[in-house]
Structure formats: C-alpha cells, structure tokens
Amino acid sequence: MLTQTPKTIYWSLLTHEDWNLYIAATPDGLCYVGSPEKPIEELASCAGSRFSGSPLVEDDKVLQPYATELIEYFQGKRTSFTVPFDFRGTAFQMAVWNALCDIPYGETQSYSDIANAIQKPASVRAVGAAIGANPILVTVPCHRVIGKNGALTGYRGGLDMKVKLLQLERG
C-alpha cells in the first residue's frame, strides 16, 4: 500500500463532444483522467487506493487548466501537455508510465518496446499490467501502446476511445 500524507483531490466532469469523463488533480498536479461514461466510483476507487484518506472535492475552477489542455488535445490543437502530474505507483509502474510519456505524439510502440525502454525485457506482461493501471489516461499516453503484431490491445478507456485517440494523432 502506498501511503503519504492525505491531500485534497479536486475533481470535475469534463465533457467534450460525446465523451463525459472525470478528471482530478491534487495541489501538485493532474492525478486522474477517467474512462468515458464511467461513474465517479471509478475515480473514488483510484483515489482511495493511490491517495488513501484524501478528501474528494468538486471544483471546476481548479481543474480548468487541465480541462483546457485536454480539450485542446481532443480538438487536435495540442500535441503535448504542460500541466504537472501527480501520479503514484510502485517504482516499476512509475518507470513504465514515464516511458509512456516518451512515446512521441502520433507514434506507437509495443509492450516489448516499453519493457526494453525500462531495461526489463523479460517483463512484458508486467508492463501490460502497469499500463492497465495508468491512472491518467490520454496525458500519460498508454493509448500509444499496441501489440507487437500491430493489433490494438486493451485500453482502460475502451477500444473505441483508443481508436479515436490514435486516429486523432495520425491526423
């Protein structure tokens, strides 16, 4: 269990076109981007496991800078994010998530590419599990990871969202 001093988690419902997804941030940065159309319980569960004891407070104003960058990305006007992140995980998960952030916009890599990038080439399945646990969809671009054979693989946001994000990035 990851324990640190509880800090307030601010959240908001982001609506863009046909997607409604919860986003959340601590005072230190974006900590959660949810799956489209999932209930707030998905956010509460993630917050409870990664930020134990932290209160959830709805605050659209605090989330505005994050919402703005996400909407700009969804509109094809942004290719990278400048907002800070506050993600918590094991050392292995953090290594994987940081490797995801190194995948260039519009490109894809395989799970084995990520395993090699973190210098753990035999840990492809563990890499897949870490990617599946990524709490910050879109901004930590796990949608850019595909199967070694080029096949689209699972995605917490759903394969429809993954396809739309990859199509957006390919212009």
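Predicted, not measured: the structure shown is a model, and the values here were computed from it.

1. Topic: the UniProt feature "domain: Methylguanine DNA methyltransferase ribonuclease-like" (unreviewed entry) in the protein
The feature "domain: Methylguanine DNA methyltransferase ribonuclease-like" (unreviewed entry), as annotated in UniProt, sits at residues 9-87 in this numbering. Strand forms 30% of residues 9-87 and helix 33%; the C-alpha atoms that close the span are 12 Å apart.

2. Structural notes on the pattern of salt bridges
Enumeration according to the criterion identifies eight salt bridges in this entry. The partner of R156 in a salt bridge is E42, with the nearest N and O atoms 3.5 Å apart. Of the two residues, R156 is situated in the loop between β6 (145-146) and α6 (159-169) and E42 in helix α1 (residues 40-50); the sequence distance between them amounts to 114 residues. For K164, the salt bridge is made with D160, and the minimal N-O distance between the two is 3.5 Å. With a gap of four residues between them, K164 and D160 both fall in helix α6, about one helical turn apart. Among the charged side chains, a salt-bridge network with shared partners connects K7, D28 and D86.

3. Let's talk about helix α2 (residues 60-74)
Y66 marks where α2 bends most, by close to 35°. Here α2 has its buried residues at L63, Y66, A67, E69, L70, Y73 and F74. Buried residues in α2 make contact with β1 (9-16), β2 (19-26), β3 (29-33) and α6. Backbone nitrogen of K61 and a side-chain oxygen of the N-cap are separated by 3.1 Å at the start of α2; the cap is D59. A positive backbone phi angle near 80° is found at G76, which sits one or two residues after α2.

Analysis parameters
- Residues numbered from 1 in each chain as written.
- Predicted model: local features only at pLDDT ≥ 70, side-chain atom pairs only at ≥ 80, totals over all residues.
- Heavy atoms only, no water.
- UniProt positions renumbered as here; feature names shortened; annotations may be inferred.
- Helix = DSSP H or I, 4+ residues; strand = E, 2+ residues; numbered from the N terminus.
- Salt bridge = Lys/Arg side-chain N within 4 Å of Asp/Glu carboxyl O.
- Bend = angle between axes of the 7 residues up to and from the residue.
- Buried < 20%, exposed > 50% of the residue type's maximum accessible area, 1.4 Å probe, protein only.
- Contact = heavy atoms within 4.5 Å.
- Polar contact = N/O pair within 3.5 Å; in protein donor to acceptor, adjacent residues only side chain to side chain.

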